[in-house]
Amino acid sequence: MTERIYILESVDLVTFYGVNNAHMQLIKTLFPKLRIVARGNVMKIIGEEEEMDVLIGKIREIEDYCEEFNALTEDVILDIVKGRNVAVSKQDNLIIHGVSGRAIVARTENQQRLVKSFEAHDLVFAIGPAGSGKTFIAIALAVKALKNRQARKIILSRPAVEAGEKLGFLPGEMKDKLDPYLQPLYDALQEMIPAAKLKEYMENNVIQIAPLAYMRGRTLNDAVIILDEAQNTTAQQIKMFLTRLGLCAKMIVTGDITQIDLPPTVTSGLIQAMQTVRNVQGIGKVEFTKNDIVRHKLVQRIVEAYENAKTEAGLSANGNREKTT
C-alpha cells in the first residue's frame, strides 16, 4: 500500500465534487480498491500503485472537462472512467462556457468581428449602443485568455462618473463606495466564473476591478485589460490608460458616444483618442449598431426612438435658424 496526493488546481470545487459530494462518491464507487479522502483541493489516495495511476489519469481528464465546460455530470464521469467518448454539442462562434455550462457565443456579426479583432490586435476599440454586448464579449474574451493561460490576470476598469444624477455621500470603506460604479463588470464575471472560483481569483488579484484613477503609474504586463464606459473619460484619463499597456498584454476599450455623462464643457476622451490614433498600426476598431442589441427586444426600439428624436430635433433647430436669418 502506498499513498499519493493529488491537488486540484484549476477547477471550481463545488462543480467538481457535486451537490453533497455526489461526484466524489461516484468516483469512490468506481474505484473500490482505493481509499480516497478529499479535503478542499487536496485529494489523498491510498492503495496499489497501478490502480492509483489509473485513477489519477481519470481525475486529470475529469478536471480538464470541468475547467473547460464549467459543468460536470455523473454521465460525463462514467464516460471518462469507462474510456468512452464524451458527447459534446458543438456551438458556432463559441467563446467560452459560462456558469453551469452555459455557452457564451458571439451572436451577431459585429460581436464576431470583435473576437477576430482581439485575436489580431493588442488594442481594440469597441464602440456602440447600449445592449450590443461589447462589454460582455470583451470580458468573455478576457476570461478565455485567462483559462487558456494566454494571460496571467484580468484588469477591468471604468471611470467613476454618475449617469445624470448625484449619488452624494456613499457609506462604507473605499471598496463599498466604488462597487456601485463597477457592478456591471461584476455582473458579467458572475455569469462566466463560478462564485467560489471568482472569489478566489479576486482575493489573489488574478482578476482586478478598479476605478480608472487607480491605473496611474502602473505597467500592466501579461494581462487582458478592459476599459468600460470610456466615453466618460477625459482626454488626459484615456491617454493615461492607453499608455499602461505592457508586454504580452492586450487591451479592449468599450464605450457608447451617445451616452456621455461628462459636463457639456468637457470633451469625451474616447472621441478624441479614436481621432488621435486612427492611423496608428496595430489598433483594431469595431463599431456596433442597433442591430447588434441582444437585450430585450424593446431596447432596440428604444435606441431607435432616441435616434429618431435626436434627428428630428436637429432638423427642427436648423429650420428655426433658417427662418431667423
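In every chain, residue numbers begin from 1 and rise along the written sequence. The predicted origin of the model limits local features to residues at a pLDDT of at least 70 and limits the giving and counting of side-chain atom pairs to 80 or more, whereas totals for whole chains, interfaces and linings rest on all residues. The side-chain figures draw on all heavy atoms in the structure; neither hydrogens nor water molecules are used.

(A) Region of the structure containing the side chain of Asp 12. A run of DSSP states H or I qualifies as a helix once it reaches four residues; a run of E qualifies as a strand once it reaches two. Both are numbered from the N-terminal end. Tracing the backbone shows Asp 12 in the loop between β1 (2-7) and α1 (13-17). Only protein chains enter the accessibility calculation, which uses a 1.4 Å probe; a residue whose area is less than 20% of its type maximum is buried, one above 50% is exposed, and one in between is partly exposed. Charge counting follows a simple rule: Lys and Arg are positive, Asp and Glu are negative, and His as well as the terminal groups are ignored. What counts as a salt bridge is simple: a side-chain nitrogen of Lys or Arg found within 4 Å of a carboxyl oxygen of Asp or Glu. The buried charged residue Asp 12 lacks any salt bridge partner; its closest oppositely charged side chain belongs to Lys 197, at an N-O distance of 7.5 Å. Pairing of N or O atoms within 3.5 Å defines a polar contact, subject to two protein rules: one partner must be a possible hydrogen donor and the other a possible acceptor, and residues neighboring in sequence count only if both atoms are side-chain atoms. At 2.7 Å, the side chain of Asp 12 and the side chain of Thr 15 are in polar contact. Dropping the residues within four chain positions of it, Asp 12 is found in contact with Pro 194, Ala 196 and Lys 197. Only heavy atoms enter the contact rule, under which two residues are in contact if any of them lie within 4.5 Å.

(B) The sheet that holds strand β7 (residues 153-158), seen in detail. Spatially, β8-β7-β9-β10-β6-β11 is the arrangement adopted by the 6 strands of the open sheet, whose pairing is parallel. The open sheet has two edge strands, β8 (207-211) and β11 (283-287), and neither has a second partner. Sheet twist, expressed as the average angle between the axes of neighbouring strands with direction ignored, equals 15°. Strands are treated as partners if at least two bridges between them are detected by DSSP. Across 5 bridges, the pairing between β7 and β8 is parallel. If you follow Arg 158 over to β8, its bridge partner there is Pro 211. Orientation is described by lines fitted to C-alpha atoms, with helices fitted over the stretch in contact, and by angles between N-to-C directions that extend from 0 to 180 degrees. With respect to the sheet, helix α6 (residues 134-147) is in contact with β6 (123-127), β7, β8, β9 (223-227) and β10 (250-255), its orientation differing from that of β10 by roughly 165°.

(C) Fine view of the nonpolar core. Judged by nonpolar contacts, the single largest core of 38 residues is most densely connected at Ile 139, Leu 189, Met 192 and Ile 207. Top element by residues in this core is α6. It accounts for 9 residues. Those residues in contact with Leu 189 that sit more than four places away from it in its chain are Ile 139, Val 143, Leu 156, Leu 198, Ile 207 and Ile 209. Grouped together as the second largest cluster of nonpolar side chains are 26 residues, Tyr 6, Ile 27, Ile 56 and Ile 80 included. In these notes, a set of buried Ala, Val, Leu, Ile, Met, Phe, Trp, Tyr and Cys residues joined through side-chain atoms within 4.5 Å is what counts as a nonpolar core.

(D) Quick peek at helix α8 (residues 195-203). Turning to α8, its buried residues are Lys 197, Leu 198 and Tyr 201. Mapping the buried residues of α8 onto a view down its axis gives an arc of 100°, with all of them on the same face. The exposed set on the far side of α8, more than 90 degrees from its buried face, consists of Ala 195, Lys 199 and Glu 203. Backbone geometry just after α8 places Asn 205 at a positive phi near 60°. The arc in question is formed by the directions pointing from the helix axis toward the C-beta atoms.

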